[in-house]
Structure formats: C-alpha cells, structure tokens
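# Topology and contacts: notes
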Amino acid sequence: MSKIAVSTTVNGDPAEFLCDAGESLLDALRGSLGLTGSKEGCGSGDCGACTVMLNGQMVCSCLVLAVEAEGKSIATIEGVAEGSVLHPVQRQFLEHGALQCGFCTPGFIVAAKALLEVNPDPDETEIRYWLAGNLCRCTGYDKIVRAVSAAAAELRQERSAA
Amino acid sequence: MNAPEPKGKFRVVGTRPVRPDGIDKVTGKAIYGPDFVTAGMIQGAILRSPHAHARIRSIDTSKAEALPGVKAVVTSADFPGQSAKIIAAGETSSSLQNIAATCMANGKVLYIGHAVAAVAATTKAIAEAALKLIVVDYEVLPHVIEVEEALAEGAPILHEGMITKGLDPAPDRPSNASMVFTLAGGDVDAALAASAVTVSGHYRTAPVHQGYIEPHACVASWNADGQGQLWISSQGHFDLRNQTASVLHMPSSDLRTYPLEIGGGFGGKTGIYLEPVAMLLSRKAGRPVRLTMSREDVFNASGPAPGIVADITIGASEDGTLTALKLEFWNQAGAFPGSTIHSGVMTALGAYRLPAYFARGWDVVSNFAGTKAYRAPGAPQVAFVVESCLDDIARKLGIDALDLRLKNAARPGDPGPTRVPHGAIGYVECLEAAKAHPHWSAPLGPNQGRGVAGAFWGNYGGQSTAAVALAADGSVQVTTGSPDIGGSRASMAIMAAETLGVPYESVRVTIADTGSIGYSMVTGGSRVTFATGKAVIGAAQKVIATLVERAASLFGVEPGQVEWRDGAAHCLDGERAGESLSISAIAGKAGQFSGPIVAELAVNPLDYLPAFAVHICDTEVDPETGNVSIIRYTTVQDVGTAIHPDYVEGQMQGGAVQGIGWALNEAYVFDGNGRMENPGFLDYRMPVASDLPMIDTVMVEVPNPAHPYGVKGVGEAPIVPPLAAVANAVARATGLPMRQLPLSPDRVWAAIQAAK
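Source: prediction; values computed, not measured.

### Comments concerning the overall build of chain A
Summing up its helical and strand segments, chain A has five helices and five strands in all. Mapped from its N terminus to its C terminus, chain A presents α and β elements in the order β-β-α-β-β-β-α-α-α-α. In terms of overall size, chain A behaves like a compact globule, its C-alpha atoms giving a radius of gyration of 16 Å where 162 residues would be expected to give roughly 15 Å. With respect to the principal axes defined by its C-alpha atoms, chain A has extents near 50 × 35 × 25 Å. Counting over 162 residues, chain A shows a buried share of 59%. A fraction of 59% describes how many contacts in chain A between residues 6 or more apart in sequence connect residues 24 or more apart.

In structure tokens, the structure reads:
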C-alpha cells in the first residue's frame, strides 16, 4: 500500500506529508507534521478537541481525510498566537482561569477565535451554541464563556482604536 | 464570581494570578499522554473480548507473530503469577490478582472490552492487522449486569470462591457480593416506629463515566537489565509505578516513571490498565512501545462509577427534628470487587444529627468494566438518596427545605460519620449563605421547580513530598510529585510565595518524575492543595530557617535577632540593627556557607477537614417532551481558604456540571448481551455549553485551623449535591417523585403520563 503525497499550507507555511488513503487529517497533523496541539478525545467528531480551520471553515480534523488537505490551507492551535504574542482569546482564557486540565483548550480556542471572526459581539447564548460542539469536562463552561466574551470586547476595542 | 478580596493577613493567598503552565496549555505546546514520542518507539494495540463473560479455552497468536512488522505479542501467559496481596490502587485498594486481571484477562473474560492479548508492531496499522490474526477460543458463559440479576439465586458467579466479607455469620456459599459495610447506632426500628412522620423510597442510578477528554495512553521502555521507564498521564505516577512494578515483580526503583500533562482524571486515572502490557511488549520487542485507548475502549475498559440500588427510610418529629435514618444500598461494582461502599455509608451519616441510624452498603460485582473512583467516589449516589428523601420530609411537614437542613445540620463537635466529632466544619454557614442568596427567594415560572441539596465530602491528607530550592539569584524552585490537573502548580507557587515573602512570579513549580523526588500519593481525595501544600509550606519554612541562620552570621548576630519578613532578613539587634538582606543577597553567598539552600519535606497529615456544599437548582420541565432544562444554578461551599479563587470556583462549577450530567443524561446503557450501547460522546451525552446557564459560586471560608493558610480541599464536594438538587427541582416542578436517574426526557415524560 503506497502512501499519498499531500501538499498543503499549515499556519501560513507550506507543508508536505505522506499519508495512507484512510488516514485522518488529525493523525497527519499529530504524526507526520508533529503538531500535537490538536487533540483526539473521541475520533468521532463529538468532542471538538481536534478543531482546526480548513480553508477558513471550522472542522473536526478527526473527520477529515488527510488527503482532503491537498492544496488547502489549514490553521491549527499552533498558529493562533502571532509569534510569542498571544491572541486575545488565549490571553483571556488565562486571565479567567478558563482551563483546568487544558486538554480541550486548543479546540475551544480555535473555535472561539472562529466565532469572533464572524460575530464580533456575541451574547452568552450565541457563545454557548457556537461552542456546543466542544466538550469540556473540567470547567462547567462558565469561565470559558466569560473568557470568550472578554476576548470579544478586547478585539472590538482593538478594532475601534485601529 | 463572588471572590473574597485578598485578605489583609495574606499577600498572595486569595489572589488570581495566571497559572505558570498556562501559556503551554493555550498554545498547544503542553505534552499530554497521547502526545509523547521517544526515539525508536513502536505502536501497540490490544485485542479485547467480544463477550461479557466467557472462559478462555485457548489463545493462538502464531499467525500474528509471523506477520512482518510485528515485534511482540503478549497474553496473560507473559504476566508473572499474582498473589491475593492487597495494595494501594489510587484512592482505593485492590488485590494484585485483580489489578493484573484489569490489565489482561487471566483464564476468564469478565466484560466486553476486557483485554485478552496485545501486539506491538512498527506501525499501528500492522499492530491492528495482527490482532485480527489472533484466534481466541471462548466458552461463553451467562452474564449479569444489574445488581438484582447478580444476586439472584443461581446467578453466574464472576469470581469463583468469593465469599461475602462483613457478614456475621459468614455465608457458606460464594456469591457476587464481595463485601458488606455497616455503620449503626441506636435502635433505628424503634425510633422510626415512634416518629411522627416517616418517608421511604426505593432509588436507582446507572453506572456513569468520569468522561475525561484525554483517553488513557502510555509509553513504556523496559531494558534487558530489568530497568524500565514509563511516560504516563495519570493522577499519580508514583502509585501507577508501584502498581505496575508490583504486577511485574520488579523493584519500584527499577521503573522510573515520568508524568506527562494529564487531560482530566476525576479518579479514573488512579489505576493501571495499559502500563504493564506496554512494559511486557517493550521487553519482548526491545523497543519503547506506545499504547493508547480509543474513546470506545475508555468506556468499555477503564473504570466507570458504580450504579446504585437503594432503600431508605427517614423519620422526623412534627417540628422537623430528624429521629432516625435507615439505609441499605447495593453498589453495581462492575467486574472486580472494591467499589466505594465505605464512603457511601459515611455520606449518609455525618451531615445531620441522627439519634438512631443504620447504613449498610453492598459491593456487588457484575459483567462490565470494574468501577473506579469518580470525584467523591461513592458519595453522589448516596447523597441523591438521602437528600431526596429529606426533601420528601420537608414537603410532608410543610417546612422550608433549607430550614429542615439547618435544623438538623451537623455543627462542630457533633459526631462525624464514624462518631469522631467534627472539627471546624462550615455546613451551617453554607446553609445560611444559601438561604440569604437572592436565588433562594427568586420567583419561579410555570413548569419550573427549585431544588436544593446539601452534602459533604470527607477530603483527605495522605503522603506527599516537596522540595524548595533557591537559585543563587534568589529565585525559587518548588518540586513536588503531585500531577497538576486543575491549576495546582499555581496554588503551590502562591503558598510558597506567601511563606517566603517573595513575588508569585519568582516561584516556579516542577512536577518531578519518580527518580527526582520522594513519593507522593495520587492527586485525588481533594488532598493536593492541603497535603502537598503543607509539604511545600513546611519546606519553605525550613528554607527560611536557613536564610535566617546565614543572615545572622552575615550580620554577626544570633539567629533569634533576625526576623524574616517581606522576602528579606531584617536585623533586629546589634550594630547592624535596621539593616536587611534580601533573599538573593543571602542565596548568592551559598559558597561561603555549607552549600545551596535546599529543603525537602515529606508529610502525611491527618488533620484534614471535610468540605460541605449546598446547591440550589432551578429546572423547567417541558410537559410535552419530558425535557428538563437547567435555568439557574448556585453552588455554595465551605472552601476553607481559597488559595487561588479562580480555580476554586472552577472546581465548584465543574463538579456541579458533572453532577448535572449524571442527574439528567449520563448512563451506561447495556443490551441483552452485556454490550454498552452508547460507548461514544454522541450517545453518552455529557453536558455541553448550550445545555447550561452560568454556575454561580459562593465561597464560604471557614478555615481549617490545622493548615497554615486554612485549606480544606475543594475538588470533590461539588459533585455530591447536584444529583439530588436537580432531582428535587424536577420533583417540585412536576409534583412527582424522581427516584431513578438519569432524568432523561423519556423517563420524565413517562412519569408525567403515568400520573395523568
């Protein structure tokens, strides 16, 4: 069984890898590309710990075949901060104590960043429904919702100042 | 957020700094169990039983061994023989035989998903292909799942020769009941007969899973000279090392075990499943081996929490004073004995003044994965029974539910669950805070109901080791062996900074491997901030003693004439009175003294105190569908002292939401073959963000006088009340008793229909 070569872009940089036909994008990211920030909690698209952006679309990377990444652009948790400068969502997660074990955190941060790109001023209900595909077992979501709300406010302020 | 402001007496304790491991965890850099890679590592896979109960006649692994790329195959024949010796297994204990059999079936499979063989190969795909070449000849046996089936006359026996312990006289025949634990006082039947009112109920809950998002994973490397290494994400790498070494008959010091970041545990990562298997594969293959569980494996083959069947009667006088409590419950322990009946019994006693009581728990095995600790293990199920029954008493007598609890609540000095008097507990303070909270008096709409429940968890102390070392620049290294599941690096740094009088940021915390520090028990029992915290504070105090001694020498005075204050030594007497030496000035002169400033301290504190909690829950029930919505939720808890209030609130909120899931949706559902029908997060429905309101927190601080900063332990108490708080709210919304969990829409709808 020969491997398939895939050329793609990960966090803005060109990336190439070899994969099996049935390999998931998550396995390729974590294995061939060594990007273990995306996590596997279920392998069935139910927990959201593997959330990445594929051509600007939020996906569970465990449900995407690695070969589907050919010619596309992938954004993972490793690319959320700009160099060593944290994204407001990351900073607010820390400021609000919105993580305990931290295993679901990468998926939440990628998903929350995507929310704020389409909805700069989400109310509590909008945040809760957008993040309903991400499971957190530690926090009860309260501090996550507050962190996302605070990040939204921070981003709005940045924009109005710009 | 109802944070107490940092109190005048503390400088760092009670503040909310960013956790030291934070950036790694929001950028994807932190290395969890399934992330770790080492040179030359190959992949393992496990063959699991398709039968709930079967005898293994033979296993033929020859074809798997012949597959190119396969480096090792392991079955129970590769395990050394095991004794019945009981060893610590996280928060509970178990026999070596059963610990080994949890990792690999020996002679019989006891549940679907039970490991029967394992393969290591150069790729995961080859390892999985090899599993299909292993031929297992099973003699399928009848199985049992529910407690009633397991105890029925003629039921298939899981463990041949198992005689129930704790009964006098001992039964003369084996059964599936492994143990009975009873606490009794006074004449409970006479007291009930004389009571003005009594309420009885029959209750049932299903097995549930801790639901940590990170599946189990490990990497093992075992060399020909007998020395090995393990990389694991667990709640206690020392305990998992000890269990693994015991099962493999190797000296513990030959097995250096490295803690990786842990993606949730809640009690479920206190025991071994994969570790000895990976070790045996590694020894055969001569390569490091990784083993991981899938989510389905986690549901089928790790340790859920027991379901419970219970009968209760509580009596009271006309004014609501409790007269007697009689409880008998049967834990659905899963395949191996040792479910947490003791803490279940204790949960029923100790929160209220009870003149007469009888509480008995049964540990009953059946054919699903052996249960394990889950956050306040054994307590939530029993609290559901007791607190629901108390609500019935309150309604029957027309007394406010909080007033009934206030009238009977245990106060300091009252008997605890084992009749040892309670210390500085804060149950009354919690109940009063709940009563004063605007939530308790807020109006309710149609189809809405408000429930309340109180409860406690005993907490724990346990053995811990910590070291505090100063660098020459005065910065501080704290080392412990307690894995950080929910921010404990931050609380250790806060307590060390508070003690030393230095900034939080100058303290860094390492969780060291088993070769780098002395033993620490698992992160469990709500013990780390309390016990490991005591070790850290004590080691920091020893460091201060050395700093003071050296400063005295530099000042040319006696140590008694030097005061340690605000991170510096102040000279109180002599020519240099009024001068001070900073921590860095002293640490930088280590070469002039007997070397670097380091202190290590091992502790085993027994002066822990229980945590009490009161939860208020508003539900709205849809009469058309039976769906229950949580519309408002408030948690009140005696937290002792909140070291880092964000992470204390986080424990209260997270525990409450796990309890809400337990109450409303979560359950192991078995088909007629003993197969779990919902081993995935789609059908095992844990709460998601859109299911919930904000979880309000009220931290009541009644400090533990035996801890330098008043810590009690906060992690487990929050999961004890919510089952009853939710059920009581649904009962009040519908006017119907809710005595079986989960309160899924179909069950609530059926109850509404039956009452029409």
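### Describing the sheet that holds strand E23 (residues 568–571) of chain B
Residue and element names in this part refer to chain B. Spatial ordering of the open sheet is given by E22-E23-E24, a layout of three strands whose pairing is antiparallel. Strands at the two margins of the open sheet, each flanked by one partner only, are strand E22 (562–565) and strand E24 (580–582). This sheet shows a mean twist of 25° between the axes of neighbouring strands, independent of strand direction. Direction of pairing for E23 relative to E24: antiparallel, over a ladder of three bridges. From the neighbouring strand, Ala568 faces E24, where its bridge partner is Ser582. The strands touched by helix H16 (residues 528–555) are E22, E23 and E24; relative to E22, the strand with the most contacts, the crossing angle is about 135°.

### Looking at the domain arrangement of chain B
Residues and elements named next belong to chain B. Here the domain parsing of chain B yields domain 1 (22–30 + 461–603), domain 2 (33–399) and domain 3 (421–456 + 609–756). Taken together, the contact between domain 2 and domain 3 spans 33 residues of the former and 36 residues of the latter. Elements with a contribution of two residues or more to the side of domain 2 that touches domain 3: strand E10 (197–205), helix H9 (295–301) and helix H11 (379–397). Broken down by element, the side of domain 2 that touches domain 3 gets its largest block of residues, seven residues, from H11. Looking at the side of domain 2 that touches domain 3 residue by residue, the class counts come to 16 nonpolar, 11 polar and six charged.

### Some thoughts on the domain arrangement of chain A
Buried accessible area, meaning the area lost when the parts come together, often serves as the stated size of an interface. All names here are of chain A. According to the domain assignment, chain A consists of domain 1 (4–79) and domain 2 (88–161). Relative to domain 2, the C-alpha centre of domain 1 lies at a distance of 22 Å. With 13 residues of domain 1 in contact, the opposing surface of domain 2 contributes 11 residues. Among the elements that line the side of domain 1 that touches domain 2, the one with the most residues is strand E3 (residues 51–54), at three residues.

### Comments concerning the interface of chain B and chain A
In this assembly, 43 residues from chain B lie in contact with 41 residues from chain A. For the side of chain B that touches chain A, the secondary-structure elements that each account for two or more residues are helix H1 (22–26) and helix H18 (645–664) of chain B. Broken down by element, the side of chain B that touches chain A gets its largest block of residues, eight residues, from H18 of chain B. Grouping the constituent residues of the side of chain B that touches chain A by class yields 20 nonpolar, 15 polar and eight charged.

### Section: the packing of helix H2 (residues 88–95) of chain A against helix H5 (residues 142–161) of chain A
Residue and element names in this part refer to chain A. Running from N to C, H2 and H5 point in directions that differ by 135°, and their axes come no closer than 8 Å. As the angle between them shows, H2 and H5 are arranged oblique. The hand of the H2/H5 crossing is right-handed. Residues Pro88, Val89, Gln92 and Phe93 of H2 form the contact with H5, whose participating residues are Ala147, Val148, Ala150, Ala151, Glu154 and Leu155. Across the contact of H2 with H5, the residue classes break down as eight nonpolar, one polar and one charged.

Procedures and definitions
- Residues numbered from 1 in each chain as written.
- Chains lettered and ligands numbered in written order.
- Predicted model: local features only at pLDDT ≥ 70, side-chain atom pairs only at ≥ 80, totals over all residues.
- Helix = DSSP H or I, 4+ residues; strand = E, 2+ residues; numbered from the N terminus.
- Rg over C-alpha atoms; globule rule 2.2 N^0.38 Å.
- Buried ≥ 20, exposed ≤ 12 C-beta atoms within 10 Å, placed from the backbone.
- Contact = placed C-beta atoms within 7 Å.
- Pairing = 2+ DSSP bridges.
- Axes fitted to C-alpha atoms, helices over the stretch in contact; angles between N-to-C directions.
- Domains from an automatic or database assignment.
- Nonpolar A, V, L, I, M, F, W, Y, C, P; charged D, E, K, R; others polar.
- Parallel < 35°, antiparallel > 145°, perpendicular 65-115°, else oblique.
- Left-handed = near helix turned anticlockwise from the far one by under 90°.

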